[in-house]
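Architecture at a glance
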Amino acid sequence: MAALTRLLESSWTRVVIGVAIGVVLVLLPLSSPAFTNQTITRIAVFAVAVLGLNIIMGYAGQVMLGQIFFVGVGAYAAAITVRSDWGAALGFWGVVAAFVLAVLVPGVMGLLVALAAARLRGLAIAMVTIALPIVGVPVAKRLSDITGGSQGISARVFGAPEWTGLDNDQWQYYVVMTIAAVVFALAFFLVRGKYGRAFAIVKENEAVAASMGISPYRYKVLAFTIAAMFGGVAGFLYIAAIQFTSPETLSFGHSIELVIATIVGGAGSIVGSILGGIYYVLVPQLTNAVNPNATAVVQGVIVLVVLFVLPGGLASLPRAIRRLVRRKRGPDVAGPAATERRTPEGITPGAGDALPPRENEERQNR
Amino acid sequence: MSTLRRRALGLAAIAGVAALVLTACGRDGGTPAPEDTDGDAEVVASPGITDDNLLFGISTPLTGATAGPGNCTADGAIAYFGTKNAEGGIEFGDGVTRTIEIRKYDDEYNPERSAANFQQMVADGVFAAGIGLGTPTNRAWRDAAIEEEVPQVLVMTGDPLFNDREESPWQLGLVPIYQQEGAAFGEVLAASTEDHKVAILFQNDDYGQGYVEGFKEAIEGAGNIEIVGELTYEPSAPSLEGQITELSATGADVLFHAVSVVPRAIENLQKAQSLGWFPSWFLPSNTASPGGVLTPGGAVAADGALVYPGIYAVSFSAAAASPPFQESEEGQAYFAAIEEYTENDGFSFPHCVWSWIAAQILEQAFMEMEEPTRESFMAALLAIDGFEAQFLLPGGSINTTTDGLPAVQDVVLQSFNGRGYANVESFGG
């Protein structure tokens, strides 16, 4: 057990596991059925949306209930660009332009909203963010000349180019996974650097942050804008994977589903964002296979179970298991035979100290 | 060998093994391999159909705000084919008798979910899909269905796109499009012997515009009709009392009320009479329910008299809640099947009956398709003419051969008589 723990905690093992997962993800779509690729692609789309939400909610501690609005605006920006005459004329660069606009437009909107909203705290900021999808749906219906009205618009331009020799689902997989990987890497470094520490302090206590020379207002605006931009990226990926969007996409209910996915996955955790995406996509898919009428009930049960058993979300599962194992080993430790088997890690008192450095950092951010 | 190099080698080995394992797996294309059903090498059966079974997928809202009508869209067909399967199945046009398996998928009225459901349906190997409720949710996988050549048929949306045979070669709508309903009223009004002043209130989207478009086309050139006022509203508007007040000032004797929001329809029925304005009303089929709209709207006075000179709506199917339906032999068979194969009551939403009608249309296509292929199925489906399905209104029949129109082409104008709706031939009649 101890050897295994030590092995798992060695950074080399982590690198090996990481590389192995990476290789599997790169090679998987070549051999797996189309539906598997499509499912993983959709997971990546919503993992990015949840990641954006995690930046503002999990790391900076501001309640944000309007994330789907930015996803929807990003999706519209991408779809409208690739469908426009100039976007089509540009070919590949039209898609690049679609990506840039899908990030910039929600980013600017997020910035403008944040400049006003970040002056507020707690529930007040939540109320402002609720307004976004509530306003977004009728506006998207109203601007039917560019949004296609309530019927929505489809944008099927993300087929595999000839030269790749790939099927459409494989191409979409690679496009979406590549962009998602870059976004996750950016987020990883963001929350572990200077900004991540600043977010954590703003989250804990704004007065303390201000006394340390960290402007809570500025960092809240920053986190809000980043969340909106990540939402926009997710919107672009949404168009790449789903190839259709409509006002229904940005309805308030879906925004709450994203918040729930964040909590189930694990707020304030990068891995939790991926788990949140998996929850968002896989649960309805599995209930479809078992009992399609049970979607809402199953989702509700999962949320309750996670809140009761793993308040830190699914991402905290390994930590919870480790704690459980240690507690079980507790009586053994008292016995004389067990003393011999005790490892240096086991002797160290205090649960937190035995955790690997990365986990520690996450705990502090909580 | 240094630890560093050994570890690097180990890493490379793991990556290599993973690569080999994955590439060796091969890819089967994601859909079940087509089976050769009759030994005839020339006809290769489409996915989802065997010598004794056909799989049909329905993606519709089964949970969430639209779950009521959504469940009905699946349950009518499940009940119908449940009965047929119990009788041994349906004899197809190729002489083989097959049972029909309906598999339902929950899309929660979310286009993203319905697009995902389509991918899941393809993976599950459905022969065809459809009957599901909703415009954006059906639009979300329309292109994908065309690309994969999977029929997406008898969908319950008033969106005309699904009936454009050129644009939507693998699609067909079931229910009348908005224009048809508006036109049905316009035609009867244009045939009236009296002069009419019409006020129009419509929802500012494809729904309201569709109704108005159909209405205006039908009254074009009619000398007895004058449109005296035309106002719009947004679906999210909290009240339309301002519009009703403004329209009442026009003195119109007919109000074309293309409003889809039930609470607004109720309030407007109350508001107009409080203003002392008593026009004849045209109501869209989804805001015309006697119990859900007209009674709370005060359209019937305490003594049972009608408050307005006329309330008109359009329908194409018999109401399962009406006594004649429940007393008829067909109606009793319908309720018995609903009871046995679903958990629905079968009458709270008309979609249950519509789904039952859709199942009958599917059966017609199955009985005519000569090869176990999707192409043959679509050809058979789009060639149905004059099929008198159960529960259509008297005189109505199914015709799938007209480009631009759904399977249900005959809509009937009805007027409210205080309890339910009855067919009318002429305005005021």
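A brief structural summary. Note that the structure is a prediction, hence the values are computed from the model and not measured.

Our focus in this paragraph is the overall build of chain B. A tally of regular secondary structure across chain B gives 14 helices and 15 strands. For chain B, buried positions account for 49% of its 429 residues. The contacts of chain B with a sequence gap of at least 6 include a subset with a gap of at least 24, amounting to 71%.

All right, on to the overall build of chain A then. Looking only at helices and strands, one finds 19 helices and 2 strands in chain A. Restricting the contact set of chain A to residue pairs at least 6 apart, pairs at least 24 apart contribute 76%.

This part is about the interface of chain A and chain B. Listed per partner, the contact involves 41 residues of chain A and 44 residues of chain B. At the level of elements, helix H2 (11-31), helix H3 (34-59), helix H7 (122-142), helix H14 (270-290) and helix H15 (295-309) of chain A are the ones that each hand at least two residues to the side of chain A that touches chain B. Here the side of chain A that touches chain B takes 10 residues from H2 of chain A, the largest share from any one element.

All right, on to the nonpolar core then. The nonpolar side chains of a soluble globular protein tend to be buried with one another. Core analysis: the biggest nonpolar cluster contains 220 residues, and Val-48, Ala-223 and Leu-237 of chain A have the highest contact counts within it. The residue makeup of this core includes at least three contributed by each of domain 1 (53-176 + 322-392) and domain 2 (179-315 + 413-423) of chain B. Not counting chain neighbours up to four residues away, the residues in contact with Leu-237 of chain A comprise Ala-44, Val-45, Val-48, Val-176, Ile-179 and Ala-180 of chain A.

All names here are of chain A. Contact geometry of helix H9 (residues 168-192) with helix H12 (residues 216-242) gives a least axis separation of 10 Å together with a crossing angle of 170°. One finds that H9 runs roughly antiparallel with respect to H12. Residues Gln-172, Val-175, Val-176, Ile-179, Ala-180 and Val-183 of H9 pack against Phe-230, Val-233, Leu-237, Ala-240 and Ala-241 of H12. When its residues are assigned to classes, the contact of H9 with H12 shows 10 nonpolar, 1 polar and no charged.

On to the environment of Ala-296 of chain A, then. If you trace the backbone, Ala-296 of chain A turns up in helix H15. With 12 residues separating them along the chain, Ala-296 of chain A and Pro-284 of chain A place their C-alpha atoms 8.5 Å apart. Those residues in contact with Ala-296 of chain A, other than ones at most four positions away along the chain, are Thr-63 and Gly-64 of chain B.

What follows covers the sheet that holds strand S10 (residues 280-283) of chain B. Adjacent strands of a sheet form backbone hydrogen bonds with each other and so pair up, either parallel or antiparallel. Residues and elements named next belong to chain B. If you trace the 7 strands from one edge of the open sheet to the other, you get S8-S7-S9-S10-S11-S14-S15, paired in mixed fashion. Edge positions in the sheet fall to strand S8 (225-233) and strand S15 (421-423), since each of these pairs with one other strand and no more. Averaged over all neighbouring strand pairs, the angle between strand axes comes to 25°, with direction disregarded. In terms of strand pairing, strand S7 (residues 196-203) meets S8 through 8 bridges, oriented parallel. If you follow Gln-203 over to S8, its bridge partner there is Tyr-233.

What counts, and at which threshold
- Residues numbered from 1 in each chain as written.
- Chains lettered and ligands numbered in written order.
- Predicted model: local features only at pLDDT ≥ 70, side-chain atom pairs only at ≥ 80, totals over all residues.
- Helix = DSSP H or I, 4+ residues; strand = E, 2+ residues; numbered from the N terminus.
- Buried ≥ 20, exposed ≤ 12 C-beta atoms within 10 Å, placed from the backbone.
- Contact = placed C-beta atoms within 7 Å.
- Core = buried A, V, L, I, M, F, W, Y, C linked by C-beta atoms within 7 Å.
- Domains from an automatic or database assignment.
- Axes fitted to C-alpha atoms, helices over the stretch in contact; angles between N-to-C directions.
- Parallel < 35°, antiparallel > 145°, perpendicular 65-115°, else oblique.
- Nonpolar A, V, L, I, M, F, W, Y, C, P; charged D, E, K, R; others polar.
- Pairing = 2+ DSSP bridges.

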